[in-house]
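Here are the chains, one letter per residue:
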Amino acid sequence: MTAAPPPALPAPLGLLAELTHRCPLACPYCSNPTALEPQAGELTAGEWARVFTEAAGLGVLQVHLSGGEPAARRDLVEIAGAAHAAGLYTNLITSAVGLDATRLDRLRGVGLDHVQISLQDVDAGSADHIADYPGAHRRKLTLAHRVVELGLALTVNAVIHRANIGNLAGLVGLAASLGAGRIEIAHAQYHGWALRNRAALMPTWAQVEQAMASLAQLRVQYEGRLAIDLVVPDYYARWPKPCMGGWGRRSLNVTPSGRVLPCHAAETIPGLEFWSVRERPLAEIWERSPAFQAFRGTDWMPEPCRSCDRREIDFGGCRCQALAITGDAAATDPACERSPDHALMRLLAGQDSTGGTPHYDWRGRAAAPVPAR
Ligand code: SF4
Ligand code: FES
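Since the structure is predicted, the reported quantities are computational estimates derived from the model, not experimental observations.

Undergrad: Looking at this structure, I do not really get the UniProt feature "binding site: [4Fe-4S] cluster" (unreviewed entry) in the chain. What am I missing?
TA: Mapped onto this structure's residue numbering, the UniProt feature "binding site: [4Fe-4S] cluster" (unreviewed entry) falls at Cys 23, Cys 27 and Cys 30. Inspection of the secondary structure assignment puts Cys 23 in the loop between strand E1 (14-18) and helix H1 (45-58). On the basis of relative accessibility, which here comes to 40%, the residue Cys 23 falls in the partly exposed class. Its place among the elements puts Cys 30 in the loop between E1 and H1. Discounting chain neighbours no more than four positions away, the residues touching Cys 30 are His 191, Gly 192, Trp 193, Ala 194 and Arg 363.

Undergrad: What exactly am I supposed to notice about the packing of aromatic side chains here?
TA: To describe a pair of aromatic rings, one takes the distance between the centres and the angle between the planes. Going through the model one piece at a time under the given rule, you end up with seven aromatic pairs. Measuring from ring centre to ring centre gives 5.3 Å for Phe 295 and Trp 300, while their planes differ by 80 degrees; the resulting arrangement is edge-to-face. Ring plane angle 50 degrees and centroid distance 6.1 Å describe the contact between Tyr 360 and Trp 362, whose orientation is recorded as tilted. The pair Tyr 360 / Trp 362 is uniform in exposure class, with both members buried. Sitting over the face of the ring of Phe 295, Arg 319 holds its NZ or CZ atom 6.0 Å from the ring centroid. The ring centre of Trp 205 lies 6.0 Å from the NZ or CZ of Arg 346, which sits over that ring.

Undergrad: Hey, could you run me through the nonpolar core in this one?
TA: Note that soluble globular proteins tend to have their nonpolar side chains buried in a common cluster. Formed by 90 residues in total, the largest nonpolar core has its most connected members in Leu 15, Trp 48, Phe 52, Leu 65, Ile 183, Ile 228 and Leu 282. Mapping this core onto the domain boundaries places at least three of its residues in each of domain 1 (14-232) and domain 2 (297-358). Of all hydrophobic cores here, the second largest spans 17 residues; its members include Ile 269, Cys 320, Leu 323 and Ala 329.

Calculation rules
Residues numbered from 1 in each chain as written. Chains lettered and ligands numbered in written order. Predicted model: local features only at pLDDT ≥ 70, side-chain atom pairs only at ≥ 80, totals over all residues. Heavy atoms only, no water. UniProt positions renumbered as here; feature names shortened; annotations may be inferred. Helix = DSSP H or I, 4+ residues; strand = E, 2+ residues; numbered from the N terminus. Buried < 20%, exposed > 50% of the residue type's maximum accessible area, 1.4 Å probe, protein only. Contact = heavy atoms within 4.5 Å. Phe/Tyr/Trp six-rings, centres within 6.5 Å; stacked < 30°, edge-to-face > 60°. Lys NZ or Arg CZ within 6 Å of the ring centre and 35° of its normal. Core = buried A, V, L, I, M, F, W, Y, C linked by side-chain atoms within 4.5 Å. Domains from an automatic or database assignment.

Structure, rendered in structure tokens:
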């Protein structure tokens, strides 16, 4: 027996397709789960094509081909072509490692619309150290140039943390010089593997203040040339973000093996039941899956969210963060200053950002020192 769907359920706008968890890089801020899904269980290109058709039927407009590193899939061109054929705006989120110009040309040929390339830092030495992959930065720049030559839209994504937060101006300048239309500067989110590295990644409050001031100047400097998005670090915020635009409200994540999640870290929440595209149509999962129903809307909210005037602005913030900090996924996100756990979050940020010289814990690699800044 499944519950009836809530009335007037909106259609999702975006679908994150995690084509594989395999990745050549080892970024310490990786928010994929600590236990990755094996290649043997990955959805086939044919299964992805069915998912994309069902997504378009459900109202999804954009698909983000992601991972891991999606280029690790030999059938990436076939998968991207299926997304385009389903009528979806198709975005490839890539580290650029494992994707050469020839395959990029073929991706454009099958209808790829947009490419998002991650940069770890401004200079190659630091960037390659963070990703623990010599030569990665140079490959990224080469591929970015080719993306622009092909007339594809380019976004640069830079995850910010203690080692690179002082280089915002350099990262923005680099994105502009590459011909990107947008740079997304996102603070590391401490989910999955990244939680193990929080003490090595957390910036100090002084660094965050400096970055915000620098960003205001950069926005003026690059107005009309480069859109600059910044996600303020939750641990230093006053208000939480509407994570995923609200749980089960705007988007879905499909894992490499076909499990459908309300957000990429939802599997960290104990007791949720996730349905698979291998067993049910996407529309049924969106409307009725217990995981999507768990925190959808506002009925699940405790106080202070329940009676708060911002409850339909941020939808109580991030469930996975509430779990990680308070041990209760149904608690108010402690990023919120009205949360009883807000002071604890600030305390953790202060402790982590000033607590000595911890080491990066790279997935599958030996621990290594954090670069001095
Ligand atoms: Fe958002 Fe809840 Fe904080 Fe209100 S109390 S601002 S709804 S997280
Ligand atoms: Fe899961 Fe925010 S990452 S709700």
